[in-house]
Amino acid sequence: MTNLRGANAYGAGQWTEVDEREQRFDKDAAFFPASLIDKETTATSSGKGKKGNSPGSGKLDRVFLLQLRALARIIIPSLASKEVVIIVMHTMFLVLRTWLSVVVAELDGKIVKHLVRGQGRKFLAGLLSWFAIAVPATYTNSMIRFLESKLALAFRTRLTQYVHDLYLNDNLTYYKLLTLDGRISNADQFITTDIARFCNKLASFLSNLGKPTLDTIIFNIQLIRGVGLQGTVGMFGMYMATASLLRAWTPAFGKMAAARAKLEGEFRANHSRVITNAEEIAFYRGEQREGEQLHFSLRNLLSQALSVAKRKIPHVVLEDMIIKYTWSAFGYLACALPFFMSSTLAGVGPMAGGGGSRADSGDSGYRTQRFITNKRILVNLSDAGGRVMYSIKEIMELTGYTSRVYSLISTLHALRREEYEQPALDDAASSQQGVEFISSNIRGVLYEDIDGVRFNSVPIVAPSTDPSIGGELLVRPLTWEVQRGQHWMIAGPNGVGKTSVLRVLSGLWPVFSGVVERPEPSEIIYIPQRPYLPLGTLREQIIYPHTPEQMQALGRTDEELVGVLHAVHLGYLPAREGGLGARKEWKDVLSGGEKQRINLARLFYHLPRFAVLDECTSAVSADVEGLMYEHAKQLGITLITISHRPTLYKYHTFLLRLGVNEAAPGIPSGSTLSSVVLNEEDSEIASDQLDSDSSPLYDSSSSSSSSNGGESNDRESNGGMSVSTESWVSNFGNMSSLEDVVSSGVVWDVVQLPSAASVAESTISTSTESSSVINDALSESVSQQRPLLTRRVSTTSAAVSTVDIVRAGSIAAIKHEMGQLRDVLAAKKMQEADLRARLNQVQQELSTVVM
């Protein structure tokens, strides 16, 4: 995907700094080819990364040297850098320590010689010299450790800052690494732990290998003077032979270290997931299930650690046998041979080195001195050789950490160039859809610095981190345009890809084909459904992602922030929480509705031209929600909203519906299939109908074919606000299940929503018609009941006139009937009064709507 940013995207100063960093990345990219990535030590335990075909696998080979050379460009950028100064100082102290070791060895021999000869004064002088040399020796050891730590911190600072620049940038690499590429799992483990271990191992490399190597050279020179060239060559040959044997028996510690780092990262990620989702887990009472996951990852980690410990047993036994005992025995033999074979070695060592006469050589004190000195040098030499052998094991571990750090930086460089993981050559052939929507086959273009939002034949595809599978097509190629002042709402059943459209718009997901145009980043803001509250003060929550320094540079004041809080009905928050400078864990302090309103406060602070709102008011009451939408429109912000609330329709101009699927016969995909807008209840009915394939889901005869974005002629008298329809979708045609529909992508259409004026007019018309109907019903009821009651009263009066010819007992019955008739007439009058009261109420409501 090509990202073409407008010329005014950066200010002059900022662009210079970014451009300089980008130029360095361009130069370094050639040293981080993806072909050197060790997939076995970076993939997750789920099976990614095929064993046996990784180029490095933590071995001391050419790949390791190439990886180390690439990383050295970052940690030592030039010969004038502070790291070079630290290395030079460290080397000087290492040389000084070796020289002090030689001086101490000679002084040790002299002290023993004076002791054997019984020379008390010289013995005491030797002890004073011993204490005198202890001062620079201890200071030298301390400085070596200090400079080693300082060098490790300098390496880590350079490397971590470099990774942060690649990881957190405008290219959204941190998001792409998580969702679009499968080469790196648990990136936090790489950045926080693996980089630190790599820098510590590399900084200790000089002490653990450089110092023993220097000791070996200097001590061998001194040993030639003490035991002769033949003895020294013999010792060196013995060292090489035993070192080769030990090297052959050394396990692949680098590969083991990389594997352990990977398992520790997974164990840490599982614990982080429990901390992040603690409340949700507690609601579901899922602690047992999460405990099983943690125990499983712990068992894998402990099993690997136990396996490494078992493999170290024979190695440590052989290592100690060679270094501590075999080399010491050969050292004693080399020191003793010149004295036991003085006749054979008459021209070698102290007897021919000008160090003394024959008489001196026969002196027991002098022999003791030379033996102690040679022994001390041999012990130091053996210690140096042992540290060289131990350092080989550490170098093998260094190869593992080098491989992981290199893999991280190489992947970040690849994602910066929009180069994603390539499918393996031995993978099975992908489906046609997979071939089309793989991350290595992105052909779309994204333009910025455009005054509007435009999609031109852009398929909405959910990308896959597995390069052999490819992404899933959610929405068929979308052609859509949002101009300034046109407020859009995106609706549809769950799972059809509403939020996915916004992910493509914001650049989180790639544009596999077509063209996307959007404003520059400072002119559009995205408000997600789940609020994000970073660490910091209440002021920093409102101005995020700005810092207080940026806020002051823009001339914004705290009074403006208080006004913003009042706009989202949070004016009480500073007084309740202790002011704008209060620092708390805001995600735990604020309620769900307050969190969402804080996110909307950022909208009113930044005042972009366009705002994308993804269900960001779901926890806010309807009245406050409406006031905030009206305020945003008054500020001139063009709104693009995802929501299921029909009460938000009146704040928008157009509706983009997803989930319309196959168009009805004769109506092209993308045209308005139905201008009827569903309410929440009807959306649920439509979603239920999606699961049924027994009957047509859309009646094409009830729709009118209009042009794109046009308004059809079958809108009901209520303005299209809450009239139900059959479904969101049309006949499936040859598709027989919802899975077929989803796999082929859903169809979309556009509906023009009625304005607020037309909605009010429609409501007034409806209320007037209702009052007329009630009035007519009332008149008709009264007119029908009056003749009936009059006839019954007349009949009763005629009966009364014949009372003389009726028995006296019948008079009471007739009077009783007349009383019942009067009661009926009174009830009818009460009913008439009730109907008239209802008529008055309707007229009052009508007056309220008109006002």
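Note that the structure is predicted; figures quoted are calculated from it, not measured.

Trainee: Tell me about the overall build of the protein chain, and please be specific about residues and values.
Mentor: Counting its secondary structure elements, the protein chain contains 24 helices and 11 strands. Sorting the 851 residues of the protein chain into buried and exposed places 44% on the buried side. Put simply, 81% of the contacts in the protein chain that link residues at least 6 apart link residues at least 24 apart.

Trainee: Lay out helix α20 (residues 622–634) in plain terms, naming residues and giving numbers.
Mentor: Helix length check: α20, at 13 residues, gives a terminal C-alpha distance of 18 Å against a target of 18 Å (1.5 Å per residue), a fit within 8%. Regarding α20, the residues found buried are Val624, Glu625, Gly626, Met628, Tyr629 and Ala632. On its buried face, α20 sits against α16 (558–567), α19 (592–606), β8 (610–614) and β9 (638–642). Positive phi shows up at Gly636, right after α20, with a value of about 80 degrees.

Trainee: Any chance you could break down unusual backbone geometry for me, citing the residues and the numbers?
Mentor: Cis geometry marks the peptide bond from Tyr544 to Pro545, where omega comes out at 10 degrees. Inspection of the secondary structure assignment puts Pro545 in the loop between α14 (538–543) and α15 (548–553). Non-glycine residue Asp449 carries a positive phi angle of around 65 degrees. Looking at where Asp449 falls in the secondary structure, it is placed in the loop between β2 (445–447) and β3 (453–462). Classification of Asp449 by relative accessible area gives partly exposed; the value is 31%.

Trainee: Pulling in residues and values, what's your account of the side chain of Glu448?
Mentor: Within the secondary structure layout, Glu448 lies in the loop between β2 and β3. Accessibility expressed as a relative area gives 5% for Glu448, which makes it buried. Here Arg518 takes part through its side chain, which lies 2.4 Å from a polar atom of the side chain of Glu448.

Trainee: Which residues make up the nonpolar core, and what are the values?
Mentor: If you look at the biggest cluster of nonpolar residues, it comprises 52 residues, and the most contacted ones within it are Leu159, Phe198 and Ile409. Within the residue set of this core, elements represented by two or more residues are α2 (62–75), α3 (82–117), α4 (120–167), α6 (187–248), α7 (253–276) and α11 (364–416). Here this core takes 12 residues from α4, the largest share from any one element. Counting 42 residues, the second-largest nonpolar core is a separate cluster that includes Ile527, Met551, Tyr629 and Leu639.

Trainee: Which residues make up the sheet that holds strand β11 (residues 748–752), and what are the values?
Mentor: Picture the strands of a sheet paired through backbone hydrogen bonds; they go either parallel or antiparallel. With mixed pairing, six strands are arranged side by side in an open sheet as β7-β8-β9-β5-β10-β11. Looking along the sheet, the strands with just one partner apiece sit at the ends: β7 (524–527) and β11. Taken pair by pair, the neighbouring strands of this sheet meet at an average axis angle of 15 degrees, ignoring direction.

Trainee: So what's going on with the packing of aromatic side chains? Which residues, and what values?
Mentor: One pass over the full model with this rule turns up 10 aromatic pairs. Ring centres of Phe455 and Trp480 lie 5.6 Å apart, and the angle between their planes is 40 degrees; on these two criteria the pair is classed as tilted. Residue Phe455 is found in strand β3, and its partner Trp480 is found in strand β4 (residues 472–482); the two are separated by 25 residues along the sequence. What makes Trp480 buried here is its relative accessible area of 4%. With 5.5 Å between their ring centres and 65 degrees between their planes, Tyr532 and Tyr544 make a pair best called edge-to-face. With Tyr532 in the loop between β7 and α14 and Tyr544 in the loop between α14 and α15, this residue pair connects regions lying 12 residues apart in the sequence. Note on Tyr532: relative accessible area 46%, which makes it partly exposed. Judged by relative accessible area, Tyr544 falls into the partly exposed class, the value being 31%. The structure contains a cluster of three or more aromatic residues connected by ring pairs, namely Phe455, Trp480, Trp488 and Phe654. Here the basic side chain of Arg404 rests over the ring of Phe190, its NZ or CZ set 4.1 Å away from the ring centre.

Trainee: Residue-level account of the side chain of Thr641, with values.
Mentor: By secondary structure assignment, the location of Thr641 is in strand β9. Looking at Thr641, the relative accessible area reads 1%, which means it is buried. One polar contact links Thr641 to His652, side chain to side chain, over a distance of 2.8 Å. Once residues within four sequence positions are removed from consideration, Thr641 is found in contact with Trp488, Met489, Ile490, Leu613, Tyr629, Leu648 and His652.

Trainee: Give a detailed account of the pattern of salt bridges, specifying residues and quantitative values.
Mentor: Two side chains of opposite charge can pair, provided their charged atoms sit close to one another. Per the counting criterion, the structure on display carries 25 salt bridges. With a closest N to O distance of 2.8 Å, Glu22 and Arg416 form a salt bridge. One end of the pair, Glu22, is in helix α1 (residues 12–29); the other, Arg416, is in helix α11, with 394 residues separating them in the sequence. Classification of Arg416 as buried rests on a relative accessible area of 13%. Residue Glu560 pairs with Arg556 through a salt bridge whose shortest N-O separation is 2.7 Å. Within this structure, Arg576, Glu577, Lys584 and Glu594 form a network of salt bridges that share partners.

Trainee: Quick rundown of α3? Include the residues and the values.
Mentor: Taking 1.5 Å of rise per residue, the 36 residues of α3 would be expected to cover 52 Å, and the 53 Å separating its terminal C-alpha atoms lies within 8% of that figure. Gly118 lies just past α3 and shows a positive phi near 75 degrees.

Trainee: Any chance you could break down the pairing of β8 for me, citing the residues and the numbers?
Mentor: With five of five residues buried, β8 is to be regarded as a mostly interior element. Side chains Phe610, Val612 and Asp614 project from β8 onto one buried face, and the interleaved Ala611 and Leu613 project onto a second face that is buried too. As paired strands, β7 and β8 are joined by four bridges and run parallel to one another. Each residue of the ladder has a partner; that of Ile525, found in β8, is Ala611. Bridge count for β8 against β9 is five bridges, and the pairing is parallel. Bridged to Phe610 within β9 is Thr638. Handedness of the β8-α20-β9 crossover: right-handed.

Trainee: Summarise a nonpolar patch on the surface; cite the residues concerned and give the values.
Mentor: Nonpolar side chains collect at one region of the surface, where Leu124, Leu127, Trp130 and Phe131 lie side by side and expose about 390 Å² of accessible area between them. Within the secondary structure, Trp130 sits in helix α4.

Trainee: So, the packing of α19 against α20: which residues are in play, and what are the values?
Mentor: Between α19 and α20, the least distance of the axes is 11 Å, while the angle of their chain directions is 15 degrees. One way to sum up the angle between α19 and α20 is to call them roughly parallel. For the pair α19 and α20, the crossing hand works out as left-handed. For the pair formed by α19 and α20, the contact residues are Arg597, Leu600 and Phe604 on the first element and Val624, Met628, His631 and Ala632 on the second.

Trainee: Describe the confidence of the model for the protein chain, listing the residues and the values that go with them.
Mentor: Detail in the predicted coordinates should be disregarded across regions flagged by low pLDDT. Of all residues in the protein chain, 69% have pLDDT values of 70 or greater, and the mean over the chain is 74. Note that residues 343–362 has pLDDT below 50 and, in this model, 26 contacts with residues that lie over four places away or in other chains. Here residues 661–742 scores under 50 on pLDDT; set against residues more than four positions off or in separate chains, the count is 153 contacts.

Scoring rules and cut-offs
Residues numbered from 1 in each chain as written. Predicted model: local features only at pLDDT ≥ 70, side-chain atom pairs only at ≥ 80, totals over all residues. Heavy atoms only, no water. Helix = DSSP H or I, 4+ residues; strand = E, 2+ residues; numbered from the N terminus. Buried < 20%, exposed > 50% of the residue type's maximum accessible area, 1.4 Å probe, protein only. Contact = heavy atoms within 4.5 Å. Expected span 1.5 Å × (residues − 1). Polar contact = N/O pair within 3.5 Å; in protein donor to acceptor, adjacent residues only side chain to side chain. Core = buried A, V, L, I, M, F, W, Y, C linked by side-chain atoms within 4.5 Å. Pairing = 2+ DSSP bridges. Axes fitted to C-alpha atoms, helices over the stretch in contact; angles between N-to-C directions. Phe/Tyr/Trp six-rings, centres within 6.5 Å; stacked < 30°, edge-to-face > 60°. Lys NZ or Arg CZ within 6 Å of the ring centre and 35° of its normal. Salt bridge = Lys/Arg side-chain N within 4 Å of Asp/Glu carboxyl O. Right-handed = clockwise from strand over helix to strand, strands pointing away. Patch = residues over 30% accessible without salt bridge, like charges linked within 9 Å, V, L, I, M, F, W, Y side chains within 5 Å. Areas by Shrake-Rupley, 256 points an atom, 1.4 Å probe, with all protein chains shown as cover. Parallel < 35°, antiparallel > 145°, perpendicular 65-115°, else oblique. Left-handed = near helix turned anticlockwise from the far one by under 90°. pLDDT = per-residue confidence, 0-100.

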